[in-house]
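Residue-level structural notes
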Amino acid sequence: MKRKKGKSRAGIIVAGVAAVVAIGAIGFYNWFAGSLQPLSEDQAKKTVTIPIGSGPVKIGNILESAGIIKNSFAFSLYARFRGNASSFRSGTYKLSPSMSVAQIALALRRGGSSDSRQASITFPEGWNIKQIADRMVGKKVATKATDVVAMVGPKSTTNFDVPFDRPKTGWEGYLFPDTYSLIRSETPQALLQRMLTNFTERFYNAHKTEVEASGHTLHEIVTIASLIEMEAEVDVDRAKIAGVIENRLNKKMKLDIDATVIYALGHHKTRVLYSDLKVNSPYNTYRHKGLPPAPIASPGLPSLIAALHPEQSEYLFYVAGPNRTHIFTKSEAEHNAVVAKLRAEKKNAATGTQEKNNGN
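Being a predicted model, the structure only gives us computed values, none of them experimental. (Residues numbered from 1 in each chain as written. Predicted model: local features only at pLDDT ≥ 70, side-chain atom pairs only at ≥ 80, totals over all residues. Heavy atoms only, no water.)

It is worth spelling out the overall build of the protein at this point. Counting its regular elements, the protein contains 12 helices and six strands. Here the protein has a C-alpha radius of gyration of 28 Å; the compact-globule value for 360 residues is 21 Å, and the former is much larger. Sorting the 360 residues of the protein into buried and exposed places 41% on the buried side. Counting only contacts in the protein whose residues sit at least 6 apart along the sequence, the fraction spanning at least 24 positions is 62%. Surface exposure of the protein reaches about 20200 Å², of which carbon and sulfur atoms provide 53%. Charge centroids of the protein, computed over 47 positive and 31 negative side chains, lie 10 Å from each other. (Helix = DSSP H or I, 4+ residues; strand = E, 2+ residues; numbered from the N terminus. Rg over C-alpha atoms; globule rule 2.2 N^0.38 Å. Buried < 20%, exposed > 50% of the residue type's maximum accessible area, 1.4 Å probe, protein only. Contact = heavy atoms within 4.5 Å. Areas by Shrake-Rupley, 256 points an atom, 1.4 Å probe, with all protein chains shown as cover. Lys, Arg positive; Asp, Glu negative; His and termini not counted. Charge placed at Lys NZ, Arg CZ, Asp CG, Glu CD.)

Structure follows, in structure tokens:
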């Protein structure tokens, strides 16, 4: 009898604890749901400025202090788990207490007014971190290019807000190429954060499911995309080059991509020499099989999409042909024949031009 009584007491305690937890959970849900509703019916808009680099907690505090939302803590929870906080943009906003937290989060993702903006800065597709850093110095966003490079390098301790793991090799390839409006007194870190947020919003969030189904990690996709960006000159070739890369990876072949050699050399070259192919670097795909350790440039959206959806083919080789396009072949013999033909045509064209000039 005593044992049964003990079990009964234990059961009562467990049931009591469960009831308290359930009541607490219901209470928290009701509080949370209520906190997401508009503060009032007042539709008068207030001017609110969100500083560069502000996270969900800071933004919540600003909005609560301005009388826009009910509770900053509830806002920060929503922003992190449902509001896509990584896409929030700094700027000046016109918000009212009649807006729900969901509406405010949408406004923050779309961006504020451009009243405080005075200039813009453009980073083309295919630029690497060093080029990006030089442009930031040229636009007086940064004082030293080396400081910018260090900020996004593999040994950096700078924290950036992104919804995926920080690459061990740094942020090369993730700084999304685009034209950005510059805000007065904008810091290099703030601009870099905006570039990463742009990558997150334009590619990662929009294609996360496709990345997971690709058979590659996000880092591999961005790396492949960077190779495509540096090799393709016209959009029609991007998916084809992606297919060649996939085919060679599957066959355990070296990629033999000139752009990786140029990246390994550390300076631009219009023509890669045979002696350059000997450069000792893990980025040299003429010496090492597989992908390089990290992206070699910032790929644009078309190259990222091509990396996700490579064209299915039996092509293993390609060479630059006329009209900025590439000629694709299935075997080394076919490839060598095309190369020989192109060289002969180039030589004949040069000879014809020389004879014409001599005739004049």
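As a further point, take the packing of aromatic side chains. Scanning the entire structure with this criterion turns up 14 aromatic pairs. With centroids separated by 6.1 Å and ring planes inclined at 55°, the aromatic side chains of phenylalanine 123 and tyrosine 180 adopt a geometry described as tilted. Taken together, the residues phenylalanine 123 in the loop between strand E3 (117–122) and helix H5 (129–138) and tyrosine 180 in strand E4 (residues 179–183) connect sequence positions 57 residues apart. Given the relative accessible area of 2%, phenylalanine 123 is considered buried. Among the residues examined, tyrosine 180 registers a relative accessible area of 6% and is labelled buried. Centre to centre, the rings of phenylalanine 164 and tryptophan 171 are 6.2 Å apart; their planes meet at 65°, and the pair counts as edge-to-face. (Phe/Tyr/Trp six-rings, centres within 6.5 Å; stacked < 30°, edge-to-face > 60°.)

Attention now goes to helix H9 (residues 238–250). Between the first and last C-alpha of H9 there are 18 Å, a value that for 13 residues agrees with the 18 Å anticipated at 1.5 Å per step. Taken across its 13 residues, H9 has 10 buried, putting it largely inside the fold. Elements in contact with the buried residues of H9: helix H8 (218–231), helix H11 (301–308), strand E5 (317–320) and strand E6 (326–329). Lysine 252 sits one or two positions beyond H9 and adopts a positive phi of about 60°. (Expected span 1.5 Å × (residues − 1).)

A few words now on the confidence of the model for the protein. A residue-level look at the protein finds 92% of positions with pLDDT of 70 or above and a mean pLDDT of 88. Note on residues 1–5: pLDDT under 50 across the span, and zero contacts to partners over four residues away in sequence or across chains. (pLDDT = per-residue confidence, 0-100.)

Attention shifts here to the packing of H8 against H9. Think of two packed helices as two axes; the pair is described by the angle between the axes and how far apart they sit. In the contact formed by H8 and H9, the axes pass within 10 Å of each other and the chain directions differ by 125°. The orientation of H8 with respect to H9, classified from their angle, is oblique. The crossing of H8 and H9 is right-handed. Counting all contacts with H8, which are made through Ile224, Leu227, Ile228, Glu229 and Glu231, the residues of H9 involved are Arg238, Ile241, Ala242, Ile245 and Glu246. Taken together, the residues of the contact of H8 with H9 break down into six nonpolar, no polar and four charged. (Axes fitted to C-alpha atoms, helices over the stretch in contact; angles between N-to-C directions. Parallel < 35°, antiparallel > 145°, perpendicular 65-115°, else oblique. Left-handed = near helix turned anticlockwise from the far one by under 90°. Nonpolar A, V, L, I, M, F, W, Y, C, P; charged D, E, K, R; others polar.)

Taken as a whole, helix H4 (residues 101–110) has its buried residues at Val101, Ile104, Ala105, Ala107 and Leu108. Along the long axis of H4, the arc covered by the buried residues comes to 160°, so they all point the same way. Count one or two residues on from H4 and you reach glycine 111, which has phi positive near 105°. (Arc of directions from axis to C-beta.)

Among the five residues that make up strand E2 (residues 91–95), four are buried, leaving the element largely enclosed by the rest of the structure. One ladder, built from five bridges, connects strand E1 (residues 46–50) with E2; its direction is antiparallel. Bridging across to E2, threonine 47 finds its partner in lysine 94. (Pairing = 2+ DSSP bridges.)

With that out of the way, let us pick up unusual backbone geometry. Negative phi characterises most residues that are not glycine, and trans characterises most peptide bonds. For lysine 140, which is not a glycine, the phi torsion comes out positive at approximately 65°. As for its placement among the helices and strands, lysine 140 is situated in the loop between H5 and helix H6 (145–151). Owing to a relative accessible area of 76%, lysine 140 belongs among the exposed residues under this scheme. One non-glycine residue, arginine 324, adopts positive backbone phi at about 65°. Here arginine 324 lies in the loop between E5 and E6.

A general tendency of soluble globular proteins is for nonpolar side chains to be buried together. With 54 residues, the main nonpolar core has Phe123, Met136, Leu192, Phe199, Leu218, Ile228 and Ile245 as its most contacted residues. Where this core is concerned, the elements lending two or more residues are H5, H6, E4, helix H7 (188–213), H8, H9 and H11. The greatest single-element share of this core, amounting to eight residues, is contributed by H7. The residues touching phenylalanine 199, leaving out its near neighbours within four places in the chain, are Phe164, Tyr174, Phe176, Tyr204, Leu218, Val222 and Leu304. Membership of the second largest hydrophobic core comes to 22 residues, among which are Phe32, Ile59, Ala105 and Ala107. (Core = buried A, V, L, I, M, F, W, Y, C linked by side-chain atoms within 4.5 Å.)

Its place among the elements puts aspartate 237 in the loop between H8 and H9. Of the side chains with opposite charge, lysine 240 lies nearest to the buried aspartate 237, which makes no salt bridge, at 4.9 Å. Reaching out from aspartate 237, the side chain makes a polar contact with the backbone nitrogen of histidine 326 at a distance of 2.8 Å. Residues contacting aspartate 237, with those up to four places away along its chain left out, are Ala232, Arg324, Thr325, His326 and Phe328. (Salt bridge = Lys/Arg side-chain N within 4 Å of Asp/Glu carboxyl O. Polar contact = N/O pair within 3.5 Å; in protein donor to acceptor, adjacent residues only side chain to side chain.)

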